[in-house]
Amino acid sequence: MSSNAFLNKLKKHFNCQKAGFSGTLDPFAKGLLVVAFGGHTKLLPFLDKAKKTYRATLWLGAKSKTLDIEGISNVNIAPRFPISAIENLFSSLVGKISYTPPTFSAKKINGKRAYQLAREGKEVRLKKCVMDIFTLKILHYTHPFLHFEVTLSGGGFVRSLGEIIANRLGVDACLSSLERIAECGISLAYMQGVGKDSIDLGVKYPLYHLDSVQILPFETLEVQSEEFENAVFNGRKVLLLTQKC
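Cut-offs used in this document
- Just so you know, the residues in each chain are numbered from 1, in the order the chain's sequence is written.
- Per-residue local features of the predicted model are confined to residues with pLDDT of at least 70, and side-chain atom pairs are confined, for both listing and counting, to 80 or more; whole-chain, interface and lining totals are unaffected and use all residues.
- Note that water and hydrogens are dropped before the side-chain values are worked out from all heavy atoms of the structure.
- Any residue under 20% of the maximum accessible area for its type is buried, any over 50% is exposed, and the rest in between are partly exposed; the area is computed with a 1.4 Å probe on protein chains only.
- Put simply, DSSP H or I for four residues or longer makes a helix, DSSP E for two residues or longer makes a strand, and each gets a number counted from the N terminus.
- Each direction from the helix axis to a C-beta atom contributes to the arc, which is the arc of those directions.
- In what follows, residue pairs with any heavy atoms lying within 4.5 Å of each other are defined as contacts.
- The salt bridge criterion pairs a side-chain nitrogen of Lys or Arg with a carboxyl oxygen of Asp or Glu, the two atoms within 4 Å.

### Comments concerning helix 2 (residues 83–93)
Inference 1: Taken residue by residue, helix 2 has I86, L89, F90 and L93 as its buried positions. For helix 2, the angular spread of buried residues about the axis comes to 100 degrees, placing them on one side. Residues N88 and S91 are exposed on helix 2 and point more than 90 degrees away from its buried face.
Inference 2: Packed against the buried residues of helix 2 are strand 7 (95–99), strand 10 (129–142), strand 11 (145–153) and helix 4 (158–169).
Inference 3: Immediately beyond the C-terminal end of helix 2, within one or two residues, lies G95, with a positive phi of roughly 125 degrees.

In structure tokens form, the structure reads like this:
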């Protein structure tokens, strides 16, 4: 299901009208989705969205208009590549790279989502963008499936990265799996140290309870007086003075 459909299920389950998430997951993908409820939705813009980490599988030889398994139109036998060639290719992609967002994406064109236009059979022309590839490593290569892990800038598309890798190798390819394992400075490994529950939405999903104070990228201040506490609680601006030595 889509991230919005999942969010609607959460809102109904918790009987909460106001909720939001930090970053959309593709419908075919799985992994971490940071969700805020009620007044906590106002904190979402302050989360650090500069980097996101994914684990993905690229199916070499599979052609897809959506760049993932949902739109496969043809599968050819791709040649097997030396692991050294793939390692060299991955090294060359670390840094800033130019790419065209997927036609089937949530990018907007004149106020309408690109994927909506594409599904209507209309021409979709998206401007080239730049994303940062911070790390890119091979996890496993069992031909024709290339498993890798990437940390890229917020707003970047792993599907587009997969398309670039395929073009550099001279073959068709699409993602057959995608899992987000970290975003907003929160990773699945970090989750192991926080309170865990589960939620049944027809399928059971793990649910982790996060402390907003701990995950926000701000320093904390110890309240020194009732007057200061009341000022902060009521949203008044306060002046912080530091003592000079």
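The discussion continues.
### Quick look at the pattern of salt bridges
Inference 1: With the rule as written, the count across this model stands at 7 salt bridges.
Inference 2: The shortest N-O distance in the salt bridge between E183 and K52 comes to 3.8 Å. Of the two residues, E183 is situated in strand 12 (residues 173–183) and K52 in strand 4 (residues 51–60); the sequence distance between them amounts to 131 residues. Like K52, E183 is buried.
Inference 3: In this structure, R55 and E149 form a salt bridge, with 3.0 Å as the shortest nitrogen-oxygen distance. Of this pair, R55 sits in strand 4 while E149 sits in strand 11; the two residues are 94 residues apart in sequence, bridging distant segments of the chain.
Inference 4: According to the relative accessible area criterion, R55 is partly exposed, its value standing at 39%.
Inference 5: Sharing partners across several salt bridges, the network here consists of D26, D68 and R159.

By themselves, these are just geometric observations and shouldn't be taken as functional.
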